[in-house]
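In case you want the letters, here they are:
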Amino acid sequence: MREIYMDHSATTPVDPEVFNAMIPYYTDRFGNASSIHTKGQRARQAVDQARSQAAELLGASEREIVFTSGGTEANNQAIISYLSNNPDKGRHLITSAIEHHAVLDAFLHLAKRGYELTVLPVTADGLVEPDILKAAMKPTTALVSIMHANNEVGTIQPIKELAAVAHAGGAVFHTDAVQTVGKLPIDVEEMDVDMLAASSHKLYGPKGVGCLYVKRGIRVGNYFHGGGQERGLRPGTENVPGIVGFGTACKLAHINLPERQTRLNKMGQRLKEGILNSIPHSRLTGHPVKRLPGSVSVCFEFVEGESILLMLDSYGIMASSGSACTSGSLDPSHVLLALGLPHEIAHGSLRLTLGKDNTEEDVDKVLEVLPNIIQNLRGMSPLCN
Amino acid sequence: MREIYMDHSATTPVDPEVFNAMIPYYTDRFGNASSIHTKGQRARQAVDQARSQAAELLGASEREIVFTSGGTEANNQAIISYLSNNPDKGRHLITSAIEHHAVLDAFLHLAKRGYELTVLPVTADGLVEPDILKAAMKPTTALVSIMHANNEVGTIQPIKELAAVAHAGGAVFHTDAVQTVGKLPIDVEEMDVDMLAASSHKLYGPKGVGCLYVKRGIRVGNYFHGGGQERGLRPGTENVPGIVGFGTACKLAHINLPERQTRLNKMGQRLKEGILNSIPHSRLTGHPVKRLPGSVSVCFEFVEGESILLMLDSYGIMASSGSACTSGSLDPSHVLLALGLPHEIAHGSLRLTLGKDNTEEDVDKVLEVLPNIIQNLRGMSPLCN
Amino acid sequence: MYSQKVMNHFMNPRNVGRIDLPSGSGEVGNAVCGDIMHIDIKVADNIITDVKFKTFGCAAAIATSSMVTEMVKGKSLQEAEQITNQTVAEALDGLPPVKMHCSNLAADALHAAIADYMRKEANKLGVS
Ligand SMILES: Cc1ncc(COP(=O)(O)O)c(C=O)c1O
Ligand SMILES: Cc1ncc(COP(=O)(O)O)c(C=O)c1O
Ligand code: FES
Ligand code: FES
């Protein structure tokens, strides 16, 4: 059975070219980048090269990139270390209701530590409206953090406009771009963000590495305490092979982005329309057009997400859901609820996220089996007859 | 020129068997361990297996292991999250003067946040004496953290005795075992520690991964804020290949430890004696016998560490120094100073740390070239005639 | 995550559907929580001669529903009443800890159906 992986927003395979670039750094060029000897210096050069590759993808300069262990760390560091390093700034913070937990929970942590937190609502399509942000700004607002695109429903935010509002109000602007780096063109200058978080494993790089962009002049601090790595901003022995892989993934993304974007947009469009047209009582979640290329998120009434996933898996189709109740909680995700979806509908969510290796045949296959799966499950459901 | 790598305390090459175990998890079994589908579940199983391998090496149970991005994170999390999760405990903390910065700086951070910190002195051999700890204990002592063995001078601490003193005084005991896991037999039960930090790249595993052992019943918390990974204790997508590599490294260490320990002790002994006997005005740093297998740290009067390293490097010999002034600071390491070495002597430090792939010929080679290097540099030094 | 038995009952659920004119019906859970189980039973001479279910929920919810119907078919009401969430989970070779409340529902729905039948019987007696 051909495996049809459609869960690229969860994670991506490492590109073979990326992996090839990493190989030498495990057993041969394994030096510690802080060591003075040849092996150390070679590792240092590899880290420097990766830094310039990451910087180039983001439109940043090399000194503005801090390598981290992933998107969670990058977001945590941006938010928490910025505030602890700028105690003179106000104590009001703004974020949105559909952020990833790596952002939301960092803010909730700060709220418990005495910061005042505003969580902005979103439209039914998942948009944070600049006017809503404007109305929420206070003289004491120190930091605004709005994600570039949402991982569950794919909605892309008007970051440039939002950053402008934050800046007009005297606040610093951070964006969680974990879902967009490598998928959408990014230029930190043009978007005018002060900080931006990225995670390697979402763009065909290895897991366990990511980066934080910090605009020159923005005083973030270290989140870890320890050695002087990353100019003191990220203590801990550098994950050299991981960083090399991330750098290479950035390089490849930079080259392939326009073509991939067009292709995934088109394929995603067909998948979306095919599903909505062939399955009654189904609806798209997120924005109809402002969405991540190749990201299709839908809700089916009368059925539950995990059941859909396991049925799809039996056909070799791998997807995810915002409502698979594995965590012991019966609540659908905070994102689906923030969009105003009723619980019973949010329970039937399915997310299919296409990637570079998916083919039109993969889309055909999903469109062939999904309607039957939904019909089957509905046949068991007491909610429909 | 044969490369002679003698910097295993800085980092180790990934064992080819470890690397082979990791390979499938990059491009094929690349799933996110939180995903419900087949690829996700396979990743989950791999993480579970690694957890049992790590637990076995430490004499812990699986639920006591939290995977982190390395030794720095494990130490930071142990110290900082333990305290923020146990606000009812006293606010006095104890550590030693020779800890790694990942521990020392975490404590200095807490000291700035209002905790009272005692930094214990060490003997000239680098030992923390249980009696000194006992005298420093207060009714308000919440946490004691003493490293298992020192990375610069190799001294092994009497952890069991120190933990007993901490416990008798009602405090929790953490140990930074980054330098000993895989090199010395470790049994957390028998050592009776409450928390213990390890880092994969010191035991022939990949960089960017490590773990924290947390004894059942000890309430640590998450250091990152985000998803529910590692039962909420370590949010962030699991670095599956890294964790698999670390697990495999633990398995191999468990098998090979006794033989390696004997061999490295013997080879280290010969290297140490060879150096001290052939080079005048040289002295061992750290304890004469209670030291890490294969770790030889010495100081040469009248010369400076970086110069020694670069000269050795020109012969393909890779080593390190506690006084290579790369950080822009001219101070020798805090460890050498804490041992009571005068600045001018500490400046001439050299650390040779042997590993499993070093041979007797490597030792011969160092013993052949090092005396000349030192003589050479001394010939340039205004300090000696 | 799931045992083979759970997956088997999930992929090939037994006794799905509704019974026309059931002797008793039970429904537990609600759509807001994400799981509803409906069980119909047919009873003759104190024996459950037929049983059918409809379930909205995760794989564990569907598998436990299916399993409970298989366990009670042909059993006396007294035997059926002995079935607990624990015995359903055991019959499926266990459930992941976070899914234990699903098995709860299956046993609850069955007991609700039996109670419904008893109530109807009692009402009949009362009338006659
Ligand atoms: C939008 C978003 N932010 C943050 C993260 C966290 O990144 P990581 O899991 O690499 O720590 C993710 C993915 O898990 C994400 O999708
Ligand atoms: C004793 C000790 N503790 C902590 C660390 C930090 O570990 P890592 O660099 O893996 O974060 C190291 C090594 O760098 C070490 O030698
Ligand atoms: S002697 Fe030149 S920097 Fe140390
Ligand atoms: S229905 Fe959600 S856990 Fe079973």
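In this text, all values refer to a predicted model and were calculated from it rather than measured experimentally.

Rules used throughout
- Residues numbered from 1 in each chain as written.
- Chains lettered and ligands numbered in written order.
- Predicted model: local features only at pLDDT ≥ 70, side-chain atom pairs only at ≥ 80, totals over all residues.
- Heavy atoms only, no water.
- Helix = DSSP H or I, 4+ residues; strand = E, 2+ residues; numbered from the N terminus.
- Buried < 20%, exposed > 50% of the residue type's maximum accessible area, 1.4 Å probe, protein only.
- Areas by Shrake-Rupley, 256 points an atom, 1.4 Å probe, with all protein chains shown as cover.
- Lys, Arg positive; Asp, Glu negative; His and termini not counted.
- Charge placed at Lys NZ, Arg CZ, Asp CG, Glu CD.
- Contact = heavy atoms within 4.5 Å.
- Buried area = accessible area lost by both parts, 1.4 Å probe.
- Salt bridge = Lys/Arg side-chain N within 4 Å of Asp/Glu carboxyl O.
- Polar contact = N/O pair within 3.5 Å; in protein donor to acceptor, adjacent residues only side chain to side chain.
- UniProt positions renumbered as here; feature names shortened; annotations may be inferred.
- Domains from an automatic or database assignment.
- Nonpolar A, V, L, I, M, F, W, Y, C, P; charged D, E, K, R; others polar.
- Near = heavy atom within 4 Å.
- Phe/Tyr/Trp six-rings, centres within 6.5 Å; stacked < 30°, edge-to-face > 60°.
- Lys NZ or Arg CZ within 6 Å of the ring centre and 35° of its normal.
- Expected span 1.5 Å × (residues − 1).
- Bend = angle between axes of the 7 residues up to and from the residue.
- Least-squares fit on C-alpha atoms with pLDDT ≥ 70 in both.

1. Re the overall build of chain A
And step 1. Of the regular secondary structure elements, chain A holds 13 helices and twelve strands.
And step 2. For chain A, the spread of C-alpha atoms along the three principal axes comes to 70 × 55 × 35 Å.
And step 3. Buried residues in chain A amount to 65% of all 385 residues.
And step 4. Working note: accessible area of chain A is about 12,800 Å², and carbon and sulfur atoms make up 51% of it.
And step 5. Taking the average place of the 35 positive charges on the side chains of chain A and the average place of its 41 negative ones, the gap between the two points comes to 5 Å.

2. Digging into the interface of chain A and chain B
And step 1. With 60 residues of chain A at the interface, the matching set in chain B holds 60 residues.
And step 2. Summing both partners gives a buried area of about 4,600 Å² for chain A against chain B, and 65% of it is carried by carbon and sulfur.
And step 3. Applying the counting criterion to the chain A and chain B interface returns two salt bridges.
And step 4. Note that Glu-3 of chain A is salt-bridged to Lys-39 of chain B, the shortest N-O span being 2.7 Å.
And step 5. The tally of links between chain A and chain B comes to 22 residue pairs in polar contact (both at pLDDT 80 or more).
And step 6. Secondary-structure elements contributing two or more residues to the side of chain A that touches chain B are helix H1 (16-22), helix H2 (24-27), helix H3 (38-58), helix H4 (71-85), helix H5 (101-112), helix H9 (240-278) and helix H10 (305-314) of chain A.

3. Details of the UniProt feature "domain: NIF system FeS cluster assembly NifU N-terminal" (unreviewed entry) in chain C
And step 1. Per the UniProt record, "domain: NIF system FeS cluster assembly NifU N-terminal" (unreviewed entry) is annotated on residues 1-122 of chain C.
And step 2. Helix makes up 47% of residues 1-122 of chain C and strand makes up 22%, while its end C-alpha atoms are separated by 44 Å.

4. Focus on the domain arrangement of chain A
As a measure of interface size, the accessible area lost when the parts come together is often cited.
All names here are of chain A.
And step 1. Taken domain by domain, chain A holds domain 1 (4-11 + 257-379) and domain 2 (16-253).
And step 2. Distance from the C-alpha centre of domain 1 to the C-alpha centre of domain 2: 27 Å.
And step 3. With 27 residues of domain 1 at the contact, the number on the domain 2 side is 30 residues.
And step 4. Summed over both sides, the interface between domain 1 and domain 2 buries roughly 2,400 Å², with carbon and sulfur atoms accounting for 56% of that surface.
And step 5. Sorting the residues of domain 1 by area buried against domain 2 places Leu-257, Leu-292 and His-334 first, and these three jointly supply 26% of that buried surface.
And step 6. One can count 15 residue pairs in polar contact (both at pLDDT 80 or more) joining domain 1 with domain 2.
And step 7. Secondary structure elements with two or more residues in the side of domain 1 that touches domain 2: H9, strand S10 (295-300) and helix H11 (334-338).
And step 8. Tallying contributions element by element places H11 first for the side of domain 1 that touches domain 2, with four residues.
And step 9. By residue class, the composition of the side of domain 1 that touches domain 2 is nine nonpolar, 13 polar and five charged.

5. What about the site of ligand 1?
And step 1. Thr-72, Asp-176, Ser-199 and Lys-202 of chain A together with Thr-237 of chain B are the nearest of the 14 residues found near ligand 1.
And step 2. Two or more chains meet at ligand 1, and those chains are chains A and B.
And step 3. Within the side chain of Ser-199 of chain A, an N or O atom sits 2.6 Å from an oxygen atom of ligand 1.
And step 4. Between ligand 1 and Thr-237 of chain B there is a distance of 2.5 Å, counted from an oxygen atom to a side-chain nitrogen or oxygen.
And step 5. Protein contact buries 94% of the 390 Å² of open area that ligand 1 shows by itself.
And step 6. Examining the composition of the shell around ligand 1, we find that three residues originate from one element, H4 of chain A, more than from any other.
And step 7. Among the residues forming the shell around ligand 1, the class breakdown is two nonpolar, ten polar and two charged.

6. What about the packing of aromatic side chains?
And step 1. Going through the model one piece at a time under the given rule, you end up with 14 aromatic pairs over all chains.
And step 2. Ring geometry for Phe-30 of chain A versus Tyr-5 of chain B: centroids 4.6 Å apart, planes at 80 degrees, classification edge-to-face. Taken together, the positions of Phe-30 of chain A in the loop between H2 and H3 and Tyr-5 of chain B in strand S1 (residues 4-5) put the pair across two chains. Assigned by exposure class, Phe-30 of chain A and Tyr-5 of chain B land together as buried.
And step 3. Ring centres of Tyr-223 of chain B and Phe-224 of chain B lie 6.5 Å apart, and the angle between their planes is 35 degrees; this geometry places the pair in the tilted category.
And step 4. Judged by relative accessible area, Tyr-223 of chain B falls into the buried class, the value being 8%.
And step 5. Ring pairs connect the aromatic residues Phe-19 and Tyr-26 of chain A together with Phe-19 and Tyr-26 of chain B, which therefore count as one cluster.
And step 6. Of note, Arg-91 of chain B hangs over the ring of Tyr-115 of chain B, and the distance from its end group to the ring centre comes to 4.1 Å.

7. Describing the site of ligand 2
And step 1. Contacts to ligand 2 come from 14 residues, most closely from Thr-237 of chain A together with Thr-72, Asp-176, Ser-199 and Lys-202 of chain B.
And step 2. In this structure ligand 2 sits where residues from chains A and B come together.
And step 3. The side chain of Asp-176 of chain B places a nitrogen or oxygen atom 2.6 Å from a nitrogen atom of ligand 2.
And step 4. The separation between an oxygen atom of ligand 2 and a polar side-chain atom of His-201 of chain B is 3.1 Å.

8. Brief notes about the pattern of salt bridges
And step 1. Evaluated as defined, the whole model comprises 35 salt bridges over all chains.
And step 2. Measuring nitrogen to oxygen at the nearest pair gives 3.7 Å for the salt bridge that ties Asp-192 of chain A to Lys-215 of chain A. Highlighted residues: Asp-192 of chain A in the loop between helix H8 (188-191) and strand S7 (195-199) and Lys-215 of chain A in the loop between strand S8 (210-214) and H9, separated in sequence by 23 residues.
And step 3. Here the salt bridges share partners, and the residues they tie into one network are Glu-3 of chain A together with Asp-28 and Lys-39 of chain B.

9. Notes on the environment of Ala-197 of chain B
Residue and element names in this part refer to chain B.
And step 1. Mapped onto the elements of the fold, Ala-197 is located in strand S7 (residues 195-199).
And step 2. Residue classification places Ala-197 among the buried positions, given a relative accessible area of 0%.
And step 3. Spatially, the C-alpha atom of Ala-197 lies 9.3 Å from that of Asn-76, the residues being 121 residues apart in sequence.
And step 4. For Ala-197, the contacting residues outside a window of four places in its chain are Gly-71, Ala-74, Asn-75, His-174, Thr-175, Asp-176, Ala-177, Val-178, Cys-211 and Leu-212.

10. Examining the side chain of Ser-35 of chain A
And step 1. Topologically, Ser-35 of chain A is positioned in the loop between H2 and H3.
And step 2. We classify Ser-35 of chain A as buried; its relative accessible area is 8%.
And step 3. If we skip the residues at most four places from it in the chain, Ser-35 of chain A touches Gly-40 and Gln-41 of chain A together with Asp-7 and Ala-10 of chain B.

11. Remarks on helix H4 (residues 71-85) of chain B
Residue and element names in this part refer to chain B.
And step 1. Given a rise of 1.5 Å per residue, 15 residues ought to cover 21 Å, and the 20 Å separating the end C-alpha atoms of H4 matches this to within 8%.
And step 2. Where H4 bends most, the angle comes to about 25 degrees, and this point is Gln-77.
And step 3. With 13 of 15 residues buried, H4 lies mostly within the body of the structure.

12. Some details on the relation of the copies chain A and chain B
And step 1. Between the two copies, chain A and chain B, the superposition gives an RMSD of 0.0 Å; the rotation angle is 180 degrees and the shift along the axis is 0.0 Å. Viewed as a symmetry operation, the transformation between the two copies matches a two-fold axis.
And step 2. The overlap is high: 100% of the interface residues of chain A also sit at the interface in chain B, so the same surface is used on both sides.

13. A few points about unusual backbone geometry
Residue and element names in this part refer to chain B.
And step 1. With phi around 70 degrees, Tyr-204 is a residue other than glycine that occupies positive phi space.
And step 2. Assignment of secondary structure puts Tyr-204 in the loop between S7 and strand S8 (210-214).
And step 3. Of note in this structure, Glu-230 is not a glycine but carries a positive phi near 50 degrees.

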